[in-house]
Amino acid sequence: MPAVSKGDGMRGLAVFISDIRNCKSKEAEIKRINKELANIRSKFKGDKALDGYSKKKYVCKLLFIFLLGHDIDFGHMEAVNLLSSNRYTEKQIGYLFISVLVNSNSELIRLINNAIKNDLASRNPTFMGLALHCIANVGSREMAEAFAGEIPKILVAGDTMDSVKQSAALCLLRLYRTSPDLVPMGDWTSRVVHLLNDQHLGVVTAATSLITTLAQKNPEEFKTSVSLAVSRLSRIVTSASTDLQDYTYYFVPAPWLSVKLLRLLQCYPPPEDPAVRGRLTECLETILNKAQEPPKSKKVQHSNAKNAVLFEAISLIIHHDSEPNLLVRACNQLGQFLQHRETNLRYLALESMCTLASSEFSHEAVKTHIETVINALKTERDVSVRQRAVDLLYAMCDRSNAQQIVAEMLSYLETADYSIREEIVLKVAILAEKYAVDYTWYVDTILNLIRIAGDYVSEEVWYRVIQIVINRDDVQGYAAKTVFEALQAPACHENLVKVGGYILGEFGNLIAGDPRSSPLIQFNLLHSKFHLCSVPTRALLLSTYIKFVNLFPEVKTTIQDVLRSDSQLKNADVELQQRAVEYLRLSTVASTDILATVLEEMPPFPERESSILAKLKKKKGPNTVTDLEDAKRERSADVNGGPEPAPASAASTPSPSADLLGLGATPPAPVGPPPSSGGLLVDVFSDSPSAVAPLAPGSEDNFARFVCKNNGVLFENQLLQIGLKSEFRQNLGRMFIFYGNKTSTQFLNFTPTLICSDDLQTNLSLQTKPVDPTVDGGAQVQQVVNIECVSDFTEAPVLNIQFRYGGTFQNVSVKLPITLNKFFQPTEMASQDFFQRWKQLSSPQQEVQNIFKAKHPMDTEITKAKIIGFGSALLEDVDPNPANFVGAGIIHTKTTQIGCLLRLEPNLQAQMYRLTLRTSKETVSQRLCELLSEQF
Amino acid sequence: MQFMLLFSRQGKLRLQKWYVPLSDKEKKKITRELVQTVLARKPKMCSFLEWRDLKIVYKRYASLYFCCAIEDQDNELITLEIIHRYVELLDKYFGSVCELDIIFNFEKAYFILDEFLLGGEVQETSKKNVLKAIEQADLLQEVS
C-alpha cells in the first residue's frame, strides 16, 4: 500500500487494485475483472438505492478497469448522476469518468451539459473549475454548441477568480480548436488581449496560449497583443531571478510564459513601431547574452529552461528574418550547441539550424559548420540525431559544397539505418540533379546510389536519371559507357539492369565503336542478367533488344534467336510473351527504314518538376520540404538590401510547377506598354514579326535593385535566367548580359533586342552584336552592350527576348538598368566646400526635394552602402547632424559634366526620409531624386 | 500537446491523457507503438524523436516513463520541463512519489494533471498554486 492516501481513501478500490496486481497471469486478471464487473452491474441494477459513496467507489473501479485497457459498456448513467451530487468528492469522480470515457451518446451529453451548466452558474469557483476542466477535456462539438458563448463572458468578467479565468481561457482554446465556427469573436477579444497585462502570471500564461491560437487565424483582430507581449516579455527577461517568486523555475524567470510569448510574437511580422521593435530586439539580445553567462545552477532543469527560452527566441529571430546581426548571433549560438555534450542540445541545434540555412542572411554562416555536421553524421550514436544531421546537410547544400555533401551522404548511406535510407537516397538524388554543373558527376552519383542502396532507390529516382540522360546529349555517351562498366559487376542490383538496359537501348551505339563494348558484347552482357530479373525488368530488356535490332543490324539474328526461344515465345507471363512475339515479327517484316522510324531515339521529356522532389515532399509533408532555392527567393523578395538581388518570380510560361510555392501569386500586372511605340530598334536582327511582350511582372522592382549595384540576376523564370555584369567610367560603360537556358531543351530563334524610345536614343547610345540564335539546354550565352551617355536621360531601355521553346513561342521584356547615376564620379570635399557649393546651387530649379516613407528597415550601414553604390561620394563629418547623410559627385555625359550634391535626412520616429538633390541642371536633379528615393 | 502517456519499464500504461479527439482503437494503437519505440531506446539517447508528424518528448524517472507528443512548432525543452514539473508536483503531493502511488491513487494523478495542464496547454506553473488547489479539494472531501 502507498505511504500516503490523502483525502478519503476508498478501501474497496485499494483492495481491488491490490487483487489485480497480485494476479499471476493475464487469465487470472481477466477472471478477477469479470467478477468485479458482474458485482458492480448487480449493484447498479439492484433494488437497493446506492448511496453516493458506493456509487463513487464503483464508478472509480470501472474507470480503473477501463484504464487497464478493458472495454466498459455501462456505468455512464451512474457517473452522470454523480455530477449533480452536492459532495465535491463525488462530483469530482463523476467528472473524471466522463472526461476519460466520453461517449458521443447524445442523450447522455445533454444530461452532462445540464450538470455542467448548473456548476458554471453555481458561482462556486471549485465547482466551476471542475465543469470547465470537463469541457476542456471532452471538447466535443455538442459542448461547444452549448458553452462557446458562455465561456468568454466568464473569462472577462471582473469578478471571476483567477483560477477560474485560467481554466476558462484554456477551455475556450480547446473549443476553438474543435469547432472554430462556434466561437464568436466579439467585444471580449480586446479584453482578452489585456489579460497579457494581468498581475497574476498564471492568468497571463493561460491567456497567452489562447491568444496565440486565436491570433493565428485572426491576426488583425489581435494585433494589439504584439506590443503587450513585448513589454511583458521585457519585464520578465530583465527581472532578477527571484522577482517572480514561484514563477521562477530553477533560477529562470517564468520560462513557460516566456516561451509562449515568443510563440505569440511568431504569429506576426517584426513590429512596425520602432519603439516596440527596439524593445523586442533588446529582449532577444538579453536572452542571447544570458546564454553566455555562467549557469546559476548545475541542475539540468536550469539549463533546459534557459535553453528552451533561447531556442524559442532563435525561432522568432528566424521567423522575422530581418535582423542580420541577430541571425548571425543565433547561428553562432547554435554552432556552440552543435558540439555540446548534451545530446538533446545537439539535436535541437541541428534542427534549428536547418531553418536558419534558408535565410539569405545566415546561409553562409550556417555553411561554416559543415565539418561539424558531417562529423555528427559519422559519430552520433543516436539515429534521430544523425537524421537531423542529414536534414541540415541537405538544407545547407548549394553549388559551392554540393560535391562534398553528396559524397558524405553517399558514404553515410553505406552504413545508414534502414529506416532512413530511402529518404537519404531521395535527398542525394535531388541534390545531385540540382547542383550538377557537370552531368557526368550526376550520372556517377546516381549509379553509386543504386550500387550502395539499390533496394531503396525508388522508381522515381531511376526514371529521373533516364529523363535527364535523354534530354542532355552531352552526357549520353558517358552514361552509356558508365552503365556498361557498372554492369560488368557479377552481382549488380536489378535497378542498375533497368537503367543500363534503357540507356544502352537508346545510346549503346555511342560506345559500340570500341571493340571492348561491341554490340554483341553489350547484348551478351545484358542478356546474362536477364534470367535473374523480375518480369517488369525482363519486359524492359526485351524492348532494349528490339532497339538493338535497329541500332546494330549485325546482332539481329542473335536477338531473333533469343526472341524465338521457347522461354520467350511461350512464356507464362502474357506481357513477356506478347512482347517476344511482336518484336520478333517486327524485326522480320519491317524494312530498315520502318524499323528506324518505329524505334527512333526517344524524344526529350517535357520539363517538369522533379518527380523525386514531389516524392520527398509527399514523404515529409508539403511544408517541411520547401525547395531551398525557392524559399530563399521568396524570402528575399521582400527584404531589400541583401547581398544578392532577388530574381523576380515572374513566370510568363505555363509550367506545371509554376505555382507550387505560390510564387506565381503576384498578379501579372504588366507595367504599362514598353516605350517602343514608334521606337527604333537599336538592334534589328529579329526575323520574328511578333509584338514585344509587356514588361514582365516584377521588372520594376528588379530594375530598382540595380540602381545602386551593377551585377546580379535581372530576371528569372522557369526557362530563362538573365544575369548582368556591368562597369562604367565617366560617360562610357559596358554591360555583359548573360542568358542562361535553365531547361535541358534548346531555345531556337533566340533573339534579344534592345529598344529605346526616340528621346532616349538621342541621349544614350547603345551598341551590341547579335547572339547565336540557338541556346543549348543548360548553356549560357553572353551579349556585350557598349554604352555611351551623350546627354542626361530619364527613361530606361527595354530588353525584349523572343525565342522558341519546345514548340511554343516565348516573349519576355524587362527594363534594362542603365540609369543616369551610373555615370557618376564621386567627389570628396570638406564640410566648408560642401556648404559653399550647396548655397551656390540654391535656385528653385536646381533643388529637388522628396519626403517619403521608409520602405525598408532604417539601417545606417545599409543606407551608407546604398549611397556609395549610387555613385556619389559619401561625405562623413560634413553635416552638423551626424544622423544625416550627404554625398557629392559629378555626372559625366559626352556633352557636359554636372556637379551634384545630395543630402538624406532620416526621421526614425516617423520612419520617413527627406531627400534633397541640388545640381546645376533641373532634369538631372529630378531624375537622381526619383532614382534614389526608391532605394530606402 | 496532443497527449501524455505514463508507462512502466514493463510497458504497462499507468496514465493516459488525450488532448485531441481519437477513437479508442486509435489510442490503443498509438500507445502500443510508442511504448515499444520508447522502450527500445538506449539510456544515453536524445529525449526527442520524430514520430509520424509529431515530436515525442520523453524522460524516464525510476521505473516510469513520461512521454508527451507535441506538434512541430512546439518547444521540446520546455516540454521536458513540463514533465519534470509534473513529477515534482506528484512528488510533493505524495511525498517522494513512486509508481505504486500512481497506481493506487490514479484519480489524484489525473486531478493534479488537470490543475497543471488543460487542453494540452500549461495552465498554472506555480507549484504552490497547483498544490493549493488540490489541497483545498482534499479538505472539501474530508469535511463533506
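As a reminder, the structure under discussion sits directly above these lines.
First, a word on what this report is: a plain description of the structure on this page. It should be emphasised that the depicted structure is a prediction, and the values quoted were computed from it without experimental measurement.

Cut-off values and rules
- Residues numbered from 1 in each chain as written.
- Chains lettered and ligands numbered in written order.
- Predicted model: local features only at pLDDT ≥ 70, side-chain atom pairs only at ≥ 80, totals over all residues.
- Heavy atoms only, no water.
- Helix = DSSP H or I, 4+ residues; strand = E, 2+ residues; numbered from the N terminus.
- Buried < 20%, exposed > 50% of the residue type's maximum accessible area, 1.4 Å probe, protein only.
- Contact = heavy atoms within 4.5 Å.
- Areas by Shrake-Rupley, 256 points an atom, 1.4 Å probe, with all protein chains shown as cover.
- Pairing = 2+ DSSP bridges.
- Buried area = accessible area lost by both parts, 1.4 Å probe.
- Salt bridge = Lys/Arg side-chain N within 4 Å of Asp/Glu carboxyl O.
- Nonpolar A, V, L, I, M, F, W, Y, C, P; charged D, E, K, R; others polar.
- Axes fitted to C-alpha atoms, helices over the stretch in contact; angles between N-to-C directions.
- Parallel < 35°, antiparallel > 145°, perpendicular 65-115°, else oblique.
- Left-handed = near helix turned anticlockwise from the far one by under 90°.
- Core = buried A, V, L, I, M, F, W, Y, C linked by side-chain atoms within 4.5 Å.
- Domains from an automatic or database assignment.
- Phe/Tyr/Trp six-rings, centres within 6.5 Å; stacked < 30°, edge-to-face > 60°.

## Topic: the overall build of chain B
Within chain B, the regular secondary structure consists of five helices and seven strands. Ordered by position in the sequence, the α and β elements of chain B form the string β-β-α-β-β-β-α-α-α-β-β-α. Of all 144 residues assigned to chain B, the portion counted as buried reaches 63%. The long-range fraction of contacts in chain B, counting pairs at least 24 apart against all pairs at least 6 apart in sequence, stands at 48%. Carbon and sulfur atoms make up 50% of the accessible area of chain B, which amounts to about 5,700 Å² in all.

## Quick notes on the overall build of chain A
Per the secondary structure count, chain A includes 40 helices and 17 strands. The burial tally for chain A puts 55% of its 936 residues in the buried class. In the structure as shown, chain A presents an accessible area of about 40,700 Å², 51% of it carried by carbon and sulfur atoms.

## A few points about the pairing of strand 10 (residues 798-805) of chain A
Residues and elements named next belong to chain A. In terms of burial, strand 10 is largely enclosed, as seven of its eight residues are buried. Bridge analysis of strand 7 (residues 747-756) against strand 10 gives seven bridges, and the strand direction is antiparallel. Opposite F747, over in strand 10, you have Y805 as the bridge partner. With eight bridges connecting them, strand 10 and strand 11 (residues 808-815) associate as antiparallel partners. Within the sheet, the bridge partner assigned to N800 lies in strand 11 and is S813. The antiparallel pairing of strand 10 with strand 11 creates a hairpin that spans two residues between the two strands, and G806 there sits at a positive phi of about 45 degrees.

## Considerations on the interface of chain B and chain A
A common way to state how big an interface is: give the accessible area lost once the parts meet. Of the residues lining the interface, 63 residues belong to chain B; the matching set on chain A comes to 75 residues. Taken together, the two surfaces of chain B and chain A that pack against each other cover about 5,900 Å², and 55% of this comes from carbon and sulfur. Of all residues in chain B, L77(B), F104(B) and F106(B) bury the most surface against chain A, accounting for 12% of the area lost on that side. At the boundary of chain B and chain A, one finds five salt bridges. Note that D71(A) and K28(B) form a salt bridge whose closest N and O atoms lie 3.8 Å from each other. When residues in the side of chain B that touches chain A are grouped by element, the largest group, 11 residues, is from helix 2 (residues 76-94) of chain B. For the side of chain B that touches chain A, the class distribution of residues is 24 nonpolar, 13 polar and 26 charged.

## Quick notes on the environment of M4(B)
Residue and element names in this part refer to chain B. Within the fold, M4 resides in strand 1 (residues 3-8). For M4, a relative accessible area of 0% puts it in the buried group. The spatial distance from the C-alpha of M4 to the C-alpha of I70 is 9.2 Å, given a sequence separation of 66 residues.

## Some remarks on the packing of helix 16 (residues 300-320) of chain A against helix 18 (residues 343-356) of chain A
Residues and elements named next belong to chain A. Packing of helix 16 against helix 18 brings their axes to within 10 Å, and their N-to-C directions diverge by 10 degrees. Taken together, the axis directions place helix 16 and helix 18 in an arrangement best described as roughly parallel. Residues N307, F311, I314 and I318 of helix 16 touch helix 18, and the partners they reach there are L345, L348, A349, S352, T355 and L356.

## Quick look at unusual backbone geometry
With a phi angle near 55 degrees, D877(A) is a residue other than glycine that sits in the positive phi range. Structurally, D877(A) is set in the loop between strand 14 (873-875) and strand 15 (885-892). If you check the backbone angles, A62(B) has positive phi at about 50 degrees while not being a glycine. As for its position among the elements, A62(B) is in the loop between strand 4 (54-61) and strand 5 (64-70).

## Concerning the packing of helix 10 (residues 162-178) of chain A against helix 12 (residues 201-217) of chain A
Residue and element names in this part refer to chain A. Orientation of helix 10 relative to helix 12, taken along the N-to-C sense of each, is 20 degrees, at an axis distance of 8 Å. One finds that helix 10 runs roughly parallel with respect to helix 12. Crossing hand, helix 10 versus helix 12: left-handed. On helix 12, the residues that touch D162, K165, Q166, A169, L170, L172, L173, Y176 and R177 of helix 10 are G202, V203, A206, A207, S209, L210, T213, L214 and K217. Of the residues contributing to the contact of helix 10 with helix 12, the split by class is 10 nonpolar, four polar and four charged.

## Observations regarding the sheet that holds strand 6 (residues 732-741) of chain A
Residues and elements named next belong to chain A. Within the open sheet, the five strands sit side by side as 4-5-6-9-8. Their pairing is antiparallel. Each having just a single partner strand, strand 4 (712-716) and strand 8 (764-768) make up the two edges of the open sheet. Strand-to-strand twist in this sheet, taken as the mean axis angle between neighbours without regard to direction, amounts to 25 degrees. Here strand 4 runs beside strand 5 (residues 720-729); their pairing, made up of four bridges, is antiparallel.

## Thoughts on the side chain of R32(A)
Mapping R32(A) onto the fold places it in helix 2 (residues 26-45). According to the relative accessible area criterion, R32(A) is buried, its value standing at 16%.

## Let's talk about the nonpolar core
Within the largest apolar cluster, 268 residues are counted, with the highest numbers of intra-cluster contacts made by I116(A) and Y86(B). Ranked by residues supplied to this core, first place goes to helix 2 of chain B with 11 residues. Inspection of this core shows a minimum of three residues originating in each of domain 1 (10-77) and domain 2 (397-599) of chain A. Those residues in contact with Y86(B) that sit more than four places away from it in its chain are M4(B), L6(B), L15(B), F66(B), A109(B), I112(B), L113(B) and F116(B).

## Some points on helix 26 (residues 476-486) of chain A
For helix 26 of chain A, the set of buried residues is Q476(A), A479(A), A480(A), T482(A), V483(A) and F484(A). Tucked into the core, helix 26 of chain A has its buried residues touching helix 24 (439-453), helix 25 (459-471), helix 27 (494-507) and helix 28 (519-530) of chain A.

## Quick word on the packing of aromatic side chains
All names here are of chain A. The full count for this structure, using the stated rule, is 32 aromatic pairs over all chains. Their ring planes at 40 degrees and their centres at 5.5 Å tell us that F750 and F803 sit as a pair that is tilted. In this pair, F750 is assigned in strand 7 and F803 in strand 10, connecting sequence segments 53 residues apart. On the basis of relative accessible area, F803 is assigned to the buried category, the value being 2%.

## Overview of the sheet that holds strand 3 (residues 48-51) of chain B
Residue and element names in this part refer to chain B. Taken in spatial order, the five strands line up as 2-1-5-4-3 in an open sheet, and their pairing is antiparallel. Of all the strands in the sheet, just strand 2 (13-18) and strand 3 have a single pairing partner and so form its edges. In this sheet, adjacent strand axes meet at a mean angle of 20 degrees when their direction is disregarded. As judged from the seven bridges shared by strand 4 and strand 5, these two strands associate in the antiparallel manner. Paired with I56 across the two strands is A69, which belongs to strand 5.

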